[in-house]
Structures are given as C-alpha cells and as structure tokens.
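# Reading the structure
Next come the chains, spelled out residue by residue.
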Amino acid sequence: MKKHIITLQRSRTFRRIGLLLVLLLWTLNASAANWSIHYPRPINESDSRHEYPLTLLKLALSKTGVRYTLTPSERILLQGKAIRQLKENREINIIWVMTDMQREKELLPIRIPIHKGLIGWRVFLINQDFAAKFQDIREVGDLTSLTVLQGAEWPDTKILQSNGFNVLTVSDFPEAFNRLELKQGDFFPRAVSEVLGELNARSLDDDIVLEPSLVVHYPAAMYFFVNRSNPTMARLIETGLRRALEDGSFDNIFVSHHREALLKVNVGERKVFHLENPLLPKETPLDDKALWFDPQLHTPQSAAKQD
C-alpha cells in the first residue's frame, strides 16, 4: 500500500513537471517568434474607431514580451467581408467586432470585452430637423414606431429587431450617414465608445447631431477574434490583456480614451431603455465585474479604481 502511494505521488509529480515544461516551451516559442499580425484596413485614414483597439492590442503584446509587426490589410475590408476572410484564414489574422453566437461558432473569441461593455450603450445620431420626434419619448414602444438605421450584417440589427424595432439596413457607415442627411431614417444608434469620434469627423454633415436625452442599453461585448486554428495567438493576446488588467494599464488606457466621450454624452443624465440581447453567448463573462464599466454608476475617473 505504501509503495502504491509513493508511485501515485511520483506520477502526479511527473505530470506537474510535464505540464510546467509544456507551458515553459510554449512561452519560449511565443517569445522567440516574430508575430506578423494583420488586421482589416479602415474605411479611411480618419476612421478613429481603430485607434483604441490597436492601442490595446499593442499593450497586450507588450505585456508578453514578443516581437511583432502590426499591418493593415492591403484593401479596405468592411466588417462582413473581414469576418469571412478571417474565417477562411485569408488576408487578416485578427479582428475586433461585437460578439454573437454565430461569430463565436465560426471564429475563436478572446473573451475580454475591450470596451468594457460600452459597445452596448447606444446614443442616437439624428438629423436635427427630426429633433422634435424624440422630445416626447417615454417608453420603448415610442422608439419602435420610428425608423432606425443599422448595418445589414451587424449583430445590433437582429438585437433591435428582436426588441420590436423597425430597422432599415445599410451596407456601411457612409450610407447610414447619407440616409440621415437625406432624412431617410429617424436615428442611427451609436456606441458611447464610438460616437464622439464620428461626430468630430470632418466629412460629417452639419445637420447630423447627437440626440441629447435618450440611450438604449443591451449587454454586449466587443472582442478580439482570431481564426479557430490559431489558439496560440489567442492565448498570447489573452495573457497580455489579463496582465494589463492586473497591473491597471488596461483601465488607464480605457479611461484616457473614453473619458471625453463619457463626460460629453453623460449617460447618467439620460433616460435609459434596457433591451434584451438574444444573441449573447452563454459564455460571456458577465459576472466578472472587473471586465465591465457601467456609465450610470461610475464616473470616467472611477473606471481605473474598479475591483
């Protein structure tokens, strides 16, 4: 019996040593490699929506000590095309998009919401000639009687439709703004994390303004995704993101990037309509409070102090 116990203990020790060696070899190989990372080229050079994800990606990679190059795709890839190219392992090997069940089935998600859930807090861009339509909004039903603009391949479209909204789909961002300008849609919901950069874009028509009093919210996360055959890159980026969360550098970048938008949009002073998100995968880490930011409960300055 004693001999059996000793043998069992030795077996467990060898397994632990073997696991440590595997992890050590993976770390050494990851560090020694020169990672060539290709992401979708933005619509134009003034598209500021890429700035924050790229900054966060660089931070994550720096936390792992790897050598890397970050290169945009040779051609512009709209979201639907970029997802298909990544799925087929062509042109790009990383993307950042809002998650849903289908995307997590086709691609490999890194389940750390890079905007800490702000992607699901949506304020409205409107044509200022339609401002009166929003002054007497009291409940969700009042909003669903209006026409909302969304991208044909965006998860938001199905989320809004499932909540009773009348959605007019467009092919891309420029078309949405053009339709607002032409008064062919009543409002274009934009994430708190995105709207300020879009309002400041030089090409935006002066008639397009931010509606001042309303916001809709549904639980949502924007992740980095890689091809399902590339778990090593996924582990590498997740390791870097978690190290950045632990040492506070993730939240420092989050606050510095989003502070101005949070202050100007001022979600805490708006009427909030909470919606369901039937597309949200059950694996979404909603219970990990360190990964989320509630603009109703926290000021921008308090984001870095969350537990």
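Cut-offs applied
- Residues numbered from 1 in each chain as written.
- Predicted model: local features only at pLDDT ≥ 70, side-chain atom pairs only at ≥ 80, totals over all residues.
- Heavy atoms only, no water.
- Helix = DSSP H or I, 4+ residues; strand = E, 2+ residues; numbered from the N terminus.
- Buried < 20%, exposed > 50% of the residue type's maximum accessible area, 1.4 Å probe, protein only.
- Contact = heavy atoms within 4.5 Å.
- Areas by Shrake-Rupley, 256 points an atom, 1.4 Å probe, with all protein chains shown as cover.
- Pairing = 2+ DSSP bridges.
- Axes fitted to C-alpha atoms, helices over the stretch in contact; angles between N-to-C directions.
- Parallel < 35°, antiparallel > 145°, perpendicular 65-115°, else oblique.
- Nonpolar A, V, L, I, M, F, W, Y, C, P; charged D, E, K, R; others polar.
- Polar contact = N/O pair within 3.5 Å; in protein donor to acceptor, adjacent residues only side chain to side chain.
- Core = buried A, V, L, I, M, F, W, Y, C linked by side-chain atoms within 4.5 Å.

For the chain, the name recorded in an unreviewed UniProt entry is Amino acid ABC transporter substrate-binding protein, with Alteromonas oceani as its organism.

On to the overall build of the chain. Counting its secondary structure elements, the chain contains ten helices and twelve strands. Taken over 307 residues, the chain has a buried fraction of 48%. The contacts in the chain between residues at least 6 apart in sequence include a share of 78% that link residues at least 24 apart. Approximately 15700 Å² of the chain is accessible, and the part contributed by carbon and sulfur atoms is 51%.

Residues Phe188 and Arg190 of strand S8 (residues 188-191) are buried on one face, and the alternating residues Pro189 and Ala191, pointing to the opposite face, are buried as well. When strand S5 (residues 121-127) meets S8, the two strands line up antiparallel, connected through four bridges. Counterpart to Val123 in the pairing with S8 is Arg190.

On to the packing of helix H8 (residues 192-199) against helix H10 (residues 249-265). Look at H8 against H10: their axes get within 9 Å of each other, and the N-to-C directions meet at 90°. Judged by the inter-axis angle, H8 sits roughly perpendicular to H10. Here H8 contributes Val192, Ser193, Val195 and Leu196 to the contact with H10, which in turn contributes His258, Glu260, Ala261, Leu262, Lys264 and Val265. In the contact of H8 with H10, the residues fall into six nonpolar, two polar and two charged.

Assignment of secondary structure puts Asn227 in the loop between strand S11 (222-226) and helix H9 (231-247). The residues touching Asn227, leaving out its near neighbours within four places in the chain, are Leu86, Lys87, Glu88, Asn89, Asn93 and Leu108. In this structure the side chain of Asn227 is engaged in a polar contact, spanning 3.1 Å, whose partner is the backbone oxygen of Lys87. At 2.5 Å, the side chain of Asn227 and the side chain of Ser229 are in polar contact.

One finds Phe134, Leu143, Phe187, Phe188, Phe224, Ile237 and Leu241 to be the most contacted residues of the largest nonpolar core, which totals 87 residues. Here this core takes seven residues from helix H2 (residues 51-64), the largest share from any one element. With sequence-adjacent residues up to four places away left out, Phe188 is seen in contact with Val123, Phe124, Leu125, Leu149, Gln150, Trp154, Phe173, Ala176, Phe177 and Leu180.

This part covers the sheet that holds S11. On the basis of which strands lie adjacent, the open sheet formed by three strands has the order S3-S11-S4 and antiparallel pairing. Single-partner strands in this sheet number two, and they are strand S3 (95-98) and strand S4 (108-110). Across the sheet, the mean angle separating the axes of adjacent strands is 45° when strand polarity is ignored. Here S4 runs beside S11; their pairing, made up of three bridges, is antiparallel. Within S11, the position partnered with Leu108 by the bridge is Val226.

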